[in-house]
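One-letter residues, chain by chain:
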Amino acid sequence: MNPRDSLTQPLTRTFAEKTNCLITGVGGQGTVLAARVIGTAAMAAGFDVRGSETIGMAQRGGSVTSHVRMGKDIASPLIPLGRADVILAFEPGEALRAIDFLKPGGVFVVCDRPIIPAVKGDYDGSAAAAWLKEHTGAHFVSGEDIIKNCGARSVNIALLGAAAALGAFPFGFNEIEAALAEKLDAKFLAMNIAALRYGAAITGK
Amino acid sequence: MLKKLLMGNEAIAEGAIRAGVVVATGYPGTPSSEILETIARLRPGGVYAEWSVNEKSALEVAAGAAIAGARSMVTMKQVGLNVASDPLINLNYIGVKAGMVVVVADDPGPISSQNEQDTRRFGQFAKLAVFDPSTPEEACAMVADAFACSEEIGRPVILRPTTRVCHSYASVELPPELPRRTIEGFSKDDGRWVIFPRLAYKNKPAIEMTLRRLSKELTLYSGITGDFARAKKGIAAGGVSYRYVLEAFEILKERGFGDAVKNIRVLKIGTIPFAEHLGVRFLDGLDEALVVEELDPVIEDALIRLCGLYCKRIKIRGKGTDDLPLAGENTVEALVKTISNFLDLNNGLNAEAGEKQGRDIPAETPALAIRPPVLCAGCPHRGAFFAVKEAMAGRRAVFSGDIGCYTLGNAKPLDMVDTCLCMGAGITMAQGLDRAEPDAVQFAFIGDSTFFHTGVSGLINAVYNGADVVIVILDNGTTAMTGGQPHPGMTRTLMGLRAKQVSIYDLVKGIGADDIRRVDPFDTAAAKTAAARAADLKGTRVIIFEGPCVNIVPKGNALTVLSAKCRNCGICVKKLGCPAISAGADEKAVIDATLCTGCGLCRNVCRFDAIVSRHDGEVAQ
């Protein structure tokens, strides 16, 4: 459809026809790559994708979020509050910051490893993690274990594997692995596929 | 048709290539940088792309190509347009032969910019047509229409995406490739291309007539939906705000307000100016209209003007009535409330379903981490700032900053950026600060790419006028903040061709600075000495700190803290502001091995030799 004609096309979808995934973390943790992989996998599975990234100054150690929305006729590139079917949080404090986005009953995967802000304060992630454990059904994943088993740069893809194992996405591991192959340099592919499978395995489903 | 998952900037690049762009130029600036990078990456035959030294140069290169008959595009961010405004406004007076599209990315928020200026408003001031996309797919399709429009009116045209178009992505159907125009080459045309007062006088009415014509005929990407006959209320929107309005409608429908939403008329605006008859048809019979847009009330003002011209008694609501915020981005959540208020819908809450205002959170949440953007672990700028700070301890010194990663040197604990205004301003503002307060030592920090952009003229000004300043050039070998673009100090161009490197040292020497020193920012002792020495000299002194950006060189081995030797003095944690070091539970320093690049700055400041390379640390412990 020519975008010029889009005005005359009524929006027809219902919310059940689409999946919203929010990815949140600290600049440098690989939210952009994770979002691109999810988007690419969703397109391979036949969905249209719309989303948004944090790029620029905030990437230098600031809070970053990526929005990935899959389905027909999605209007906004940003997920409205309370409508994320899935949240992948690469850091416990950032998970807490994003909870207003979570849909009741949504899949919430959180890496427990805190990233201490460079501008030092009291934050060490423990209060955030404790709160999330008490008040949400978040699935916690050990960041130290991921780093030990898969390398320091694999938290993003391991969490993606965990969420996929929890049935968060409208596509399977084949689509994710194909998307990784498309988006990654060949020399990093094996490491990331291992991380994906590790994340799925530790979730135990 | 083939659909690709593209970011808005990639979609604009695909659109430009398919529309037959021949020359593409620009200067990096968030959120515009990926457009030119994508053109260069796809690099089809016959397309030339360059990072120019600044936006003014970029626009002039593109203008030269366009008056010789080659379709050209130039990309920049909104504040870059200020730098390029001189050639752009004048180019409108002489016009172009082939289409020329000036892509200016605006940044509501602002998210990564100094200000919230609105390029649609700039377009009105410069008397140019502005295309305003609401999605990546629309931006992609708009490029060809913008080129066609530019050729039809014989003037440059602006394409103005905003951050949420540039950095959002979508499944985009790629448009067909258009046949390339033949490039006629430059023809002298009896003075047509030489702007004299007489020519400007002659061409001004033609520019005005073009604008009049566009405000009669330009209907592209604009249109009306909703109930035509009975509607008493209408919503007008442009850019990504139009998409937020659609999303807000979906939420209101879900909450049982489907009928109210169905009964309003919607005007979507895709260009400024837009055909007046669309606005008049939209306003016809309405009691009230709400205008939803970001940055300036441009559509709002246009509708108010139409109400006057056509004697319509309609209340236009928007920024002028404080229905919309005066700064920052629009959000779906805020618009649900604003639209509900406009339509008298109980704040958009379904009372029967017991919907309440506010968050549905079971308990007080703990305080969130505060994460201002900071210099990366291993950033050479940290070494430079730290050394100058130490050398100037106890002395009256002012640290002028500039635009780039090193603006982040203002964060505590470094706290080394006292001023920041615009690209290149630090060097020259320091000269004014010195004229007003000659007793203080004036330092001006500027990055390599920014120095080439507009810093060189400031240095010439200093040397010529005998200014008493220390200019610190932070040469990290790339344009780091925007993602590592090449610049004249490097050996490669955007197209990957070998480039003749412009030496910053030779340039500074050639201009005639009174004293020049090159220093490694990670050699803390030498760096401190250089800063103290420069502060004691007179005249225009230049220190060039040469250390590559941590994102362009392989990461070194991480360091570690020997806890037996660490005395909890806190210097490494409290003075450097490095993201990789923090105080552990026992107050001893801890280095995060996943972040540490082994730059050694913390090892340099440790008085107890407690910081060692990870390998040595394992042996020792």
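Residues numbered from 1 in each chain as written. Chains lettered and ligands numbered in written order. Predicted model: local features only at pLDDT ≥ 70, side-chain atom pairs only at ≥ 80, totals over all residues. Heavy atoms only, no water.

Here we take up the overall build of chain A. Within chain A, the secondary structure is distributed over 7 helices and 6 strands. Each helix and strand of chain A, placed in order from N terminus to C terminus, yields the pattern β-α-β-β-β-α-β-α-β-α-α-α-α. For 205 residues, the compact-globule formula gives about 17 Å, and the C-alpha radius of gyration of chain A, at 17 Å, lands near that figure. On the principal axes, the C-alpha backbone points of chain A span a range of 55 × 35 × 35 Å. For chain A, buried positions account for 59% of its 205 residues. Intrachain contacts of chain A at a sequence separation of at least 6 include 63% that bridge at least 24 residues. Surface exposure of chain A reaches about 7800 Å², of which carbon and sulfur atoms provide 53%. (Helix = DSSP H or I, 4+ residues; strand = E, 2+ residues; numbered from the N terminus. Rg over C-alpha atoms; globule rule 2.2 N^0.38 Å. Buried < 20%, exposed > 50% of the residue type's maximum accessible area, 1.4 Å probe, protein only. Contact = heavy atoms within 4.5 Å. Areas by Shrake-Rupley, 256 points an atom, 1.4 Å probe, with all protein chains shown as cover.)

Residue pairs three or four apart in sequence face the same way in an α-helix, which turns once every 3.6 residues. Residues and elements named next belong to chain B. Helix length check: helix α6 (residues 136-153), at 18 residues, gives a terminal C-alpha distance of 25 Å against a target of 26 Å (1.5 Å per residue), a fit within 8%. Of all bends in α6, the biggest is about 30 degrees, found at Met142. Burial runs high along α6: 14 of the 18 residues are buried. Trailing α6 by a residue or two, Gly154 shows a phi angle of about 70 degrees, which is positive. (Expected span 1.5 Å × (residues − 1). Bend = angle between axes of the 7 residues up to and from the residue.)

Mean pLDDT over chain A works out to 88, with 90% of the residues at or above the 70 mark. Overall, residues 1-15 of chain A carries pLDDT values under 50, and its contacts beyond four positions in sequence, including any with other chains, amount to 30 contacts. (pLDDT = per-residue confidence, 0-100.)

Next up on the list: the pairing of strand β1 (residues 19-26) of chain A. Residues and elements named next belong to chain A. Among the 8 residues of β1, 8 are classified as buried, and the element is accordingly described as predominantly covered. Judged by which residues are buried, β1 turns out to be covered on both faces: Thr19, Cys21, Ile23 and Gly25 on one side and Asn20, Leu22, Thr24 and Val26 on the other are all buried. With 8 bridges joining them, β1 and strand β3 (residues 63-70) adopt antiparallel strand pairing. The partner of Cys21 across the bridge, within β3, is Val68. Sheet analysis places β1 next to strand β4 (residues 84-89), joined by 4 bridges and oriented parallel. Pairing of Ile23 across the sheet is with Leu88, part of β4. (Pairing = 2+ DSSP bridges.)

Moving on: the packing of aromatic side chains. Residues and elements named next belong to chain B. Scanning the entire structure with this criterion turns up 9 aromatic pairs over all chains. Centroid distance Phe131 to Tyr221: 6.5 Å. Interplanar angle 70 degrees. Geometry classified as edge-to-face. With a gap of 90 residues between them, Phe131 in strand β6 (residues 130-131) and Tyr221 in the loop between α8 (197-217) and β9 (223-226) connect regions that are remote in the sequence. Here Phe131 and Tyr221 have matching classes, each one buried. Consider the rings of Phe186 and Trp193, whose centres lie 6.2 Å apart with planes at 45 degrees: the pair is tilted. (Phe/Tyr/Trp six-rings, centres within 6.5 Å; stacked < 30°, edge-to-face > 60°.)

A word on the interface of chain B and chain A. If you look at the interface, chain B gives 69 residues, while chain A gives 62 residues. Overall, the association of chain B and chain A removes approximately 5700 Å² of surface from exposure, summing both partners, and the carbon and sulfur fraction of that is 57%. The three residues of chain B that bury the most area against chain A are Leu5, Tyr169 and Arg371 of chain B, which together make up 15% of that side's buried surface. Counting the contacts that link chain B with chain A gives 8 salt bridges. As a salt-bridge pair, Arg371 of chain B and Glu91 of chain A come within 3.0 Å of each other at their nearest N and O atoms. Linking chain B with chain A are 20 residue pairs in polar contact (both at pLDDT 80 or more), by the criterion used here. Among the secondary structure elements, those contributing two or more residues to the side of chain B that touches chain A are β1 (3-7), α6, β8 (168-173), β9, α9 (240-262), α12 (332-342) and β21 (581-583) of chain B. Per-element tally for the side of chain B that touches chain A: the top contributor is α9 of chain B, with 9 residues. Examined bridge by bridge, strand β2 (residues 49-52) of chain A and β8 of chain B share 3 bridges and lie antiparallel to one another. The residue of β8 of chain B that forms the bridge with Ser52 of chain A is Ser168 of chain B. (Buried area = accessible area lost by both parts, 1.4 Å probe. Salt bridge = Lys/Arg side-chain N within 4 Å of Asp/Glu carboxyl O. Polar contact = N/O pair within 3.5 Å; in protein donor to acceptor, adjacent residues only side chain to side chain.)

Before going further, it helps to examine helix α5 (residues 119-126) of chain B. All names here are of chain B. Burial in α5 covers these residues: Thr119, Arg120, Phe122, Gly123 and Ala126. Projected down its long axis, α5 shows its buried positions confined to an angular sector of 155 degrees, all on one face. Buried residues belonging to α5 abut α4 (78-94), β5 (100-105), β6, β7 (157-159), β12 (271-272) and α11 (298-309). Lys127 sits one or two residues past α5 and shows a positive phi near 65 degrees. (Arc of directions from axis to C-beta.)

Residue and element names in this part refer to chain A. Checked against the element boundaries, Pro170 lands in the loop between α5 (155-165) and α6 (173-183). Taking relative accessible area as the criterion, Pro170 reaches 28% and is therefore assigned partly exposed. For the pair Pro170 and Ser52, spaced 118 residues apart in the sequence, the C-alpha separation amounts to 19 Å. What Pro170 contacts, discounting residues up to four positions off in sequence, is Thr19, Ala45, Phe47 and Met70.

Moving on, we get to the pattern of salt bridges. Residue and element names in this part refer to chain B. Counted according to the given criterion, the structure contains 50 salt bridges over all chains. A salt bridge links Asp284 to Lys312; its shortest N-O distance comes to 3.4 Å. With Asp284 in the loop between α10 (276-283) and β13 (288-292) and Lys312 in the loop between α11 and β14 (315-317), this pair connects stretches of sequence that are 28 residues apart. Asp284 gets classed as partly exposed once you look at its relative accessible area, which sits at 45%. Ionic pairing is found between Arg533 and Asp515, a salt bridge with its closest N-O pair at 2.9 Å. On the criterion of sequence distance, the pair formed by Arg533 in helix α17 (residues 524-536) and Asp515 in strand β18 (residues 515-519) is long-range, its members being 18 residues apart.

With that settled, the discussion passes to the sheet that holds strand β19 (residues 540-546) of chain B. All names here are of chain B. Strand order in the open sheet formed by 5 strands is β15-β16-β17-β19-β18, with parallel pairing between adjacent strands. On the outer flanks of this sheet lie β15 (397-400) and β18, each paired with one strand and no other. For this sheet the average axis-to-axis angle between neighbouring strands, irrespective of direction, equals 20 degrees. With 5 bridges connecting them, strand β16 (residues 441-447) and strand β17 (residues 469-475) associate as parallel partners. (Axes fitted to C-alpha atoms, helices over the stretch in contact; angles between N-to-C directions.)

Right, let's talk about the packing of helix α13 (residues 380-391) of chain B against α17 of chain B for a bit. All names here are of chain B. For the pair α13 and α17, interaxial distance at closest approach is 8 Å and the crossing angle is 55 degrees. On the basis of their axis angle, the class for α13 and α17 is oblique. Crossing angle aside, the handedness with which α13 passes α17 is right-handed. Contacts between α13 and α17 pair Phe386, Ala387, Val388, Glu390 and Ala391 from the former with Thr524, Ala527, Lys528, Ala531 and Ala532 from the latter. Its residues assigned to classes, the contact of α13 with α17 shows 7 nonpolar, 1 polar and 2 charged. (Parallel < 35°, antiparallel > 145°, perpendicular 65-115°, else oblique. Left-handed = near helix turned anticlockwise from the far one by under 90°. Nonpolar A, V, L, I, M, F, W, Y, C, P; charged D, E, K, R; others polar.)

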